Amino acid sequence: MLAAAATTTTSPSNSFVGSTLTDIQLAYEAAGKFFDSTEGIKFKQTSGGVNNVGMYVSFPDGRHYVMRIYNNGFNHARVHYEHTILKQLNEQKLSFAIPKALPCKDDPSMTYAVLSNGADSCVFETIPGELPKLTCVQDIGRASGELSEAIQKVDVSHLECPTAPYSQFYDVHHAITRESFYREMAGPDFDAIRASATKAVAYIEDMERKLESFEARKLPKNLLHADLHYDNVLVKDGKVTGLLDFEFAAIDYRAMELAVCLSKYAGESKARDYFDDFIKGYMQHAHLMDEEIEAIPTLVNLRILSNVAYFVGRKLAGEDDIASITTRLENYMTRVDWVYLNAEAIIGKLKEEAKAAR
C-alpha cells in the first residue's frame, strides 16, 4: 500500500481554523465527491506531513486509496497547479510512479473537489512501497534526477505559479513579511532557545546578501518539484517506486531541486556518505553548470532556513502553534552549520560526478 507515514487511529480532531467539522466528518464528505457508494468505508489518519490532513481509505472489497484534504489557507490555485503537473507527468514514461488522482464523481474532468468548509480534497491511487528514510540513497538520487528532467517537459505556462521561489525568502508563506519575521524571532516565544534564534537571524541576514548575488548572476531557472526529499519518496526492494507531494512545485533556480533533496541529509551522522551517494545518483540524469554547482551549499541552507520563515508564517496565520518551529530550530541550525563546514567537499563531489557523466 501507499506508505506516507505510520498511521494512528482516527480522532475527532479539527485541523481547520473556523471549521465546525471534524477531520473525519470532512473525510466522509470528501469520499462522497469521488465514490458512488461509501458503504463500509474506513479511514485511518496518517501521522506524516505537517500541512494537510491525510487519510488512508479502505473498502470492504479490498480497495485502498489515500485521501488528502488540503489545509493551505484555501489556496485553490496551488491545488490546481499541482494537479495540472501530476496529469502531465502521468502521461510520461518514468521508472517510478507519480501520484494519480481519481476523477470527481460529478465532473470527471476535475481531480479535486471543494468541501463545505472551503478546503480542497482529492483521492489518490495507492503506490506500493515504504518510506526509505536513510536507505536507498543513491537510487533516490537517480529517481530525483530523472524527475528533474521529466518535469521540464511539463507546460504550466498558462498558469500563474502560486508558490514563490525560495529566492523570495519572505514570500514562503502568505502571512509573513520581513518585518513580522524579525519581530517574531526577537519575541518571547524564542527565549528558551535564544542562542539558536540569534544564530538563525544572522544566517538569514547573510543569506539575503547571497541571494542578491545569485539574482545578479542569472542562474538558470525552471519548474521544480521544490519539496523533494526522502519523506516524499516510496521504495520497495531497494528501488524507488514513487515520488510524492507536488503541492509546492515552483519556478526556481534549477540547482534548487538538488539542494532541497540534499537538505534533509545534512547533520546526519553519516551525512557525507549520504550526500556522496545521492549526488552520484542524481548526476546520472541532471546537468548543472559549474556556477550552479558552486551555489549548491548555499542553496541547501536556503532550503533549511526557509523552513524557519515558513513555520513562523503558519503560526502568524493560526495554522500551527509556535512549537512547530521552536522544536525544530536547533536541529535546523545544526544542519546549516554542517553544510557550511563541508561546502568545499560537496562542491568537489558534484564536479567529479558531473565530469564522469559527460
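Structural data are supplied above this passage.
Definitions and limits used
- Residues numbered from 1 in each chain as written.
- Predicted model: local features only at pLDDT ≥ 70, side-chain atom pairs only at ≥ 80, totals over all residues.
- Heavy atoms only, no water.
- Pairing = 2+ DSSP bridges.
- Helix = DSSP H or I, 4+ residues; strand = E, 2+ residues; numbered from the N terminus.
- Contact = heavy atoms within 4.5 Å.
- Axes fitted to C-alpha atoms, helices over the stretch in contact; angles between N-to-C directions.
- Expected span 1.5 Å × (residues − 1).
- Buried < 20%, exposed > 50% of the residue type's maximum accessible area, 1.4 Å probe, protein only.
- Arc of directions from axis to C-beta.
- Core = buried A, V, L, I, M, F, W, Y, C linked by side-chain atoms within 4.5 Å.
- Salt bridge = Lys/Arg side-chain N within 4 Å of Asp/Glu carboxyl O.

### Thoughts on the sheet that holds strand β1 (residues 42–45)
Step number 1: With antiparallel pairing, 5 strands are arranged side by side in an open sheet as β1-β2-β3-β5-β4. Looking at strand neighbours, the two that pair on one side only are β1 and β4 (113–114), the edges of this open sheet.
Step number 2: Relative to strand β3 (residues 64–69), strand β2 (residues 53–58) is paired through 6 bridges, and the arrangement is antiparallel. Across the sheet, the residue bridging to tyrosine 56 is valine 66, located in β3.
Step number 3: Of the strands in this sheet, β1, β2, β3, β4 and β5 (120–125) touch helix α1 (residues 23–34), which is tilted by about 115° from β3.
Step number 4: Packed on one face of the sheet, helix α2 (residues 76–89) meets β3, β4 and β5 and runs near 20° to β5.

### Section: the environment of isoleucine 69
Step number 1: Mapped onto the elements of the fold, isoleucine 69 is located in strand β3.
Step number 2: With 22 residues separating them along the chain, isoleucine 69 and glutamate 91 place their C-alpha atoms 25 Å apart.

### Topic: helix α7 (residues 271–282)
Step number 1: Taking 1.5 Å per residue as the helical rise, α7 with its 12 residues ought to reach 16 Å, and the 16 Å between its terminal C-alpha atoms agrees with that figure.
Step number 2: All of the buried residues in α7 are Ala271, Tyr274, Phe275, Phe278, Ile279, Gly281 and Tyr282. Buried residues of α7, seen end-on, are gathered within an arc of 160° and therefore sit on one face of the element.
Step number 3: Elements in contact with the buried residues of α7: α3 (137–150), α6 (256–263), α10 (329–341) and α11 (343–357).

### Observations concerning the nonpolar core
Step number 1: Core analysis: the largest hydrophobic core is formed by 96 residues, its most contacted members being Ile85, Phe181, Met185 and Leu329.
Step number 2: With 13 residues, helix α8 (residues 290–316) is the largest single contributor of residues to this core.
Step number 3: Listed in part, the 21 residues of the second largest apolar core include Phe34, Phe35, Cys104 and Val123.

### Quick look at the pattern of salt bridges
Step number 1: The final tally for this structure, using the stated rule, is 25 salt bridges.
Step number 2: Measuring nitrogen to oxygen at the nearest pair gives 3.9 Å for the salt bridge that ties lysine 239 to aspartate 139. Placement of the pair is lysine 239 in strand β8 (residues 239–243) and aspartate 139 in helix α3, with a sequence separation of 100 residues.
Step number 3: When its relative accessible area of 10% is taken as the criterion, aspartate 139 is described as buried.
Step number 4: Here aspartate 191 ties to arginine 194 by a salt bridge, and the two come within 2.9 Å at their closest N and O atoms.
Step number 5: Under the relative-accessibility criterion, arginine 194 is labelled partly exposed at 26%.

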